[in-house]
Amino acid sequence: GAGVSQSPRYKVAKRGQDVALRCDPISGHVSLFWYQQALGQGPEFLTYFQNEAQLDKSGLPSDRFFAERPEGSVSTLKIQRTQQEDSAVYLCASSLSTYEQYFGPGTRLTVT
Amino acid sequence: EDQVTQSPEALRLQEGESSSLNCSYTVSGLRGLFWYRQDPGKGPEFLFTLYSAGEEKEKERLKATLTKKESFLHITAPKPEDSATYLCAVAGGSQGNLIFGKGTKLSVKP
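Remember, it's a predicted structure, so these values are computed and weren't measured experimentally.

Visitor: What am I meant to see in the overall build of chain B here?
Guide: The helix and strand tally for chain B stands at zero helices and 11 strands. Order of helices (α) and strands (β) in chain B, N terminus to C terminus: β-β-β-β-β-β-β-β-β-β-β. What you see for chain B is a C-alpha radius of gyration of 13 Å, in line with the 13 Å of a compact globule of 110 residues. Taking the principal axes of its C-alpha atoms as reference, chain B extends roughly 45 × 30 × 20 Å. The long-range share in chain B, meaning contacts at least 24 apart out of those at least 6 apart in sequence, stands at 54%. Here chain B displays about 5,400 Å² of accessible surface, and carbon together with sulfur accounts for 47% of that area. Distance between charge centroids for chain B: 2 Å, based on 14 positive and 14 negative side chains.

Visitor: Honestly, the interface of chain A and chain B in this entry has me stumped. Any pointers?
Guide: The figure often quoted for interface size is the accessible area lost as the parts come together. Chain A puts 21 residues into the contact, and the matching count from chain B is 20 residues. Buried area between chain A and chain B, both sides added, is near 1,600 Å², and the carbon and sulfur share of it is 54%. Contact with chain B buries surface across chain A, with Tyr-99, Glu-100 and Phe-103 of chain A losing the most and accounting together for 33% of the total. For the interface between chain A and chain B, the tally reads zero salt bridges. Along the contact surface separating chain A from chain B lie five residue pairs in polar contact (both at pLDDT 80 or more). Listing elements by their share of the side of chain A that touches chain B, those giving two or more residues are strand S4 (31-37), strand S5 (44-50), strand S6 (53-56) and strand S10 (102-103) of chain A. The biggest single contributor to the side of chain A that touches chain B is S4 of chain A, with three residues. Each residue belonging to the side of chain A that touches chain B can be placed in one class, and the counts come to 11 nonpolar, seven polar and three charged.

Visitor: Before we go on, may I ask you to explain the nonpolar core in this structure?
Guide: Here is a general trend for soluble globular proteins: nonpolar side chains tend to be buried in one another's company. Ranked by internal contacts, the top residues of the largest apolar core, which has 23 residues, are Leu-33, Trp-35, Leu-73 and Tyr-86 of chain B. Those elements giving two or more residues to this core turn out to be strand S2 (10-14), strand S3 (19-26), strand S4 (33-38), strand S5 (45-50), strand S7 (62-66), strand S8 (70-75), strand S9 (84-91) and strand S11 (104-109) of chain B. Core analysis: the second largest hydrophobic core is formed by 19 residues, Phe-49, Leu-60, Leu-77 and Val-111 of chain A among them.

Visitor: How should I be thinking about unusual backbone geometry in this particular structure?
Guide: The phi torsion of most residues other than glycine is negative, and most of the peptide bonds are trans. Cis geometry is adopted by the peptide bond preceding Pro-8 of chain A, which originates at Ser-7 of chain A and carries an omega value of -10 degrees. If you trace the backbone, Pro-8 of chain A turns up in the loop between strand S1 (5-7) and strand S2 (10-13). A cis amide bond, omega -10 degrees, links Ser-7 of chain B with the succeeding residue Pro-8 of chain B. The phi torsion at Arg-81 of chain A lies on the positive side, around 45 degrees, for a residue other than glycine.

Visitor: Help me understand the sheet that holds S1 of chain A in this model?
Guide: Neighbouring strands of a sheet are bound in pairs by backbone hydrogen bonds; such pairs are parallel or else antiparallel. All names here are of chain A. Reading across from one edge, S1-S3-S8-S7 is the order of the four strands in this open sheet, with antiparallel pairing throughout. Either end of the sheet is taken by a strand with one partner, and the two such strands are S1 and strand S7 (65-68). Mean inter-strand twist for the sheet, computed between neighbouring axes without regard to direction, equals 15 degrees. The pairing of S7 with strand S8 (residues 75-79) spans four bridges and is antiparallel. Bridging from a neighbouring strand, Ala-67 pairs with Leu-77 of S8.

Rules of the game
Residues numbered from 1 in each chain as written. Chains lettered and ligands numbered in written order. Predicted model: local features only at pLDDT ≥ 70, side-chain atom pairs only at ≥ 80, totals over all residues. Heavy atoms only, no water. Helix = DSSP H or I, 4+ residues; strand = E, 2+ residues; numbered from the N terminus. Rg over C-alpha atoms; globule rule 2.2 N^0.38 Å. Contact = heavy atoms within 4.5 Å. Areas by Shrake-Rupley, 256 points an atom, 1.4 Å probe, with all protein chains shown as cover. Lys, Arg positive; Asp, Glu negative; His and termini not counted. Charge placed at Lys NZ, Arg CZ, Asp CG, Glu CD. Buried area = accessible area lost by both parts, 1.4 Å probe. Salt bridge = Lys/Arg side-chain N within 4 Å of Asp/Glu carboxyl O. Polar contact = N/O pair within 3.5 Å; in protein donor to acceptor, adjacent residues only side chain to side chain. Nonpolar A, V, L, I, M, F, W, Y, C, P; charged D, E, K, R; others polar. Core = buried A, V, L, I, M, F, W, Y, C linked by side-chain atoms within 4.5 Å. Buried < 20%, exposed > 50% of the residue type's maximum accessible area, 1.4 Å probe, protein only. Pairing = 2+ DSSP bridges. Axes fitted to C-alpha atoms, helices over the stretch in contact; angles between N-to-C directions.

Structure, rendered in structure tokens:
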């Protein structure tokens, strides 16, 4: 079946621009996670949704980062006024429960 | 603080040369330890979940084991297509978000 999809796969933004990253989870998966992966590092947790409810946003690095999942399916991670330190791969994962998570291919964001 | 440490950072093997990757963890109440494989430019691919000390799981040339403090990923007679970064993670936090190690980059030469 279809896995987790993310778009765009690559995004180049100029410093100060806003960006929106999309995640389509596996159909029926109630849990959705966003992670940030810097080069040579493991993914780091950003935020978690159960259906449309954002239950944990403790990993968001600043108030420039905002995530939503209004209908409990597709999710969008928005970054306002991008900075160079925001350059990373942003991974989305979905799960039937909170444990076995299945990842999408990621969006590579480069801020110039 | 929940923490995961993987070693070695990189491992180069000849085809057929068996070895093990280590994952040491500290977590307040283990709710699962996970192994993922990540190829360049791709997202992590789920391999195994282990829940309790003594548990073992196998898939093709890979075998994962778990103790109270660490997990091992044993690779038997590896092939070049096993080359990838292997990530270990534990389920932490109140919502089960994964806490990852930095990974072990495995290269298998023919």
